[in-house]
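Notes for the structure review
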Amino acid sequence: MQRPIVTHFFDEPTNTFSYVVQDPDSTACAIIDSVLDFDYAAGRTDVRSADEIIAFIHHRQLDVTWILETHVHADHLSAAPYLHEKLGGKTGIGAKIVEVQEIFGKAFNAGSEFARDGSQFDALFNEGDVFSIGGLQGKVVHTPGHTPACLTYVIGDAAFVGDTLFMPDYGTARCDFPGGDARTLYHSIQKVLALPEQTRLFLCHDYKAPDRDTFQHETSVAEQRQANVHVHEGISEEAFVKMRTERDATLGMPRLIIPSVQVNMRAGHMPPAEDNGDVYLKVPINKFK
Ligand SMILES: [Fe+2]
């Protein structure tokens, strides 16, 4: 079993983990789920988090093969275009991004300039697709439920699960965003839990659990099967769907959902400048519950 070198980066304002996944036998690496810092009140972006990744890659003298997203994130902006410009590499996301683009393109009344065909990305992945990072082989597992386009990237003994599972003491991702579905997530999670039990699972987020005071980014299939508070072995599909639906009804919107989806549906690019040369994001009024 191939064992990639995995380095995590944490953005505490959005509780997001980004990863550099490195082939131990070459200089090839991939970046998964990068963050563009965004001060919403000031409308100002910053590349501090992305620059940390760039410095790491330069220090290790790595070559970026892929810049991957597990999904269209609703809680942070992607730094993929900035990283691509600085480091090269191909961008990739799930092929079902076209559904997400359709939903949010409509919700934000994006004009005809906004292509809803995924063409902003270099690669659109489907279930079972394979890709290479040097000598490492990655495999794509479609894990919808949180969003229709969510993917898990399985690379050797490591799986990057995006927003499906969180730490065992925290549970699972919400399913109440447009296109989300709790029953679908349950089935997707079963695919992740069917991986070999020593598989290392790398999470997209951690929020700490009530009894834990440190952030954690890594767990395993065995730990999840045994102890995940929402989906451990023995919890039925019906019980999960009921729990997830009831819990989702109590959750507020993530602080950055409005800017995040407008930018991330465009692969991390801002909308085009208006006729005065400035760039704006929209806030739809009374549109989302
Ligand atoms: Fe997400």
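As shown above, the structure is provided for reference.
Just so we're clear, the structure is a prediction, and the values are computed from it rather than from any experiment.

Here's the deal with the coordination of the iron ion
Metal coordination angles in their ideal form are 109.5 degrees for the four-donor tetrahedron and 90 or 180 degrees for the six-donor octahedron. Within the protein, His71 (NE2), His146 (NE2) and Asp163 (OD) serve as the donor atoms for the iron ion, at 2.1 to 2.4 Å. Among the residues examined, His146 registers a relative accessible area of 4% and is labelled buried.

Section: the sheet that holds strand β3 (residues 28–32)
The sheet built from six strands is open, its strands ordered β1-β2-β3-β6-β7-β8 with mixed pairing. In the strand order of this sheet, the two ends are held by β1 (5–11) and β8 (123–125), each with one partner. Ignoring which end each strand starts from, the neighbouring axes of this sheet average 25 degrees apart. Here β1 runs beside strand β2 (residues 16–22); their pairing, made up of seven bridges, is antiparallel. By the bridge assignment, Thr7 is partnered in β2 with Val20.

With respect to the sheet that holds strand β10 (residues 136–142)
Whether parallel or antiparallel, the strands of a sheet pair through hydrogen bonds between backbone atoms. Pairing is mixed across the open sheet formed by six strands, whose spatial order is β9-β10-β11-β12-β13-β14. In this open sheet, the two edge strands, each paired with only one partner strand, are β9 (130–133) and β14 (218–220). If you compare each strand with its neighbour and ignore which way they point, the axes differ by 30 degrees on average. Where β10 and strand β11 (residues 151–155) come together, five bridges link them in antiparallel fashion.

As for the packing of aromatic side chains
Across all of its chains, the model carries 19 aromatic pairs by this definition. These aromatic residues form a ring-pair network of at least three members: Phe10, Phe17, Tyr19, Phe160, Phe202 and Phe215. The residue whose ring lies beneath Lys208 is Phe215, and the NZ or CZ to ring-centre distance is 4.4 Å. Here the basic side chain of Arg266 rests over the ring of Phe114, its NZ or CZ set 5.1 Å away from the ring centre.

Notes on the pairing of strand β6 (residues 63–68)
Relative to β6, β3 runs parallel, the two sharing five bridges. Along β6, the bridge assignment pairs Ile31 with Ile67. Here β6 runs beside strand β7 (residues 90–94); their pairing, made up of three bridges, is parallel. What sits directly across from Trp66, in β7, is Lys90.

What counts and how
- Position numbers for residues count from 1 along each chain, tracking the sequence in the order it is written.
- The predicted nature of this model means local features are confined to residues of pLDDT at least 70 and side-chain atom pairs, given and counted, to a pLDDT of 80 or more, with totals for whole chains, interfaces and linings taken over all residues.
- The basis for every side-chain value is the complete set of heavy atoms in the structure, and neither hydrogens nor water enter the calculation.
- Here a donor is any nitrogen, oxygen or sulfur atom (N, O, S) within 2.8 Å of the metal, with 3.2 Å used for Na, K and Ca; water is not among the atoms considered, so some sites may look incomplete.
- Type-normalised accessible area, obtained with a 1.4 Å probe on protein chains alone, sets the label of each residue: buried when under 20%, exposed when over 50%, and partly exposed for intermediate values.
- The pairing criterion for strands is at least two bridges between them, as found by DSSP.
- A helix here means a DSSP run of H or I that spans at least four residues, while a strand means a run of E at least two residues long, and both kinds are numbered starting from the N terminus.
- A fitted line through C-alpha atoms serves as each axis, taken over the contacting stretch for helices, and the angle formed by two N-to-C directions is quoted from 0 to 180°.
- Only Phe, Tyr and Trp rings are paired, with Trp represented by its six-membered ring, and only when their centres lie within 6.5 Å; those with planes under 30 degrees apart are stacked, over 60 edge-to-face, the remainder tilted.
- Placement of a positive charge over a ring is assigned whenever Lys NZ or Arg CZ falls within 6 Å of the ring centre and within 35 degrees of the normal to the ring plane.

Honestly, that's just the spatial picture; any functional story needs more than this.
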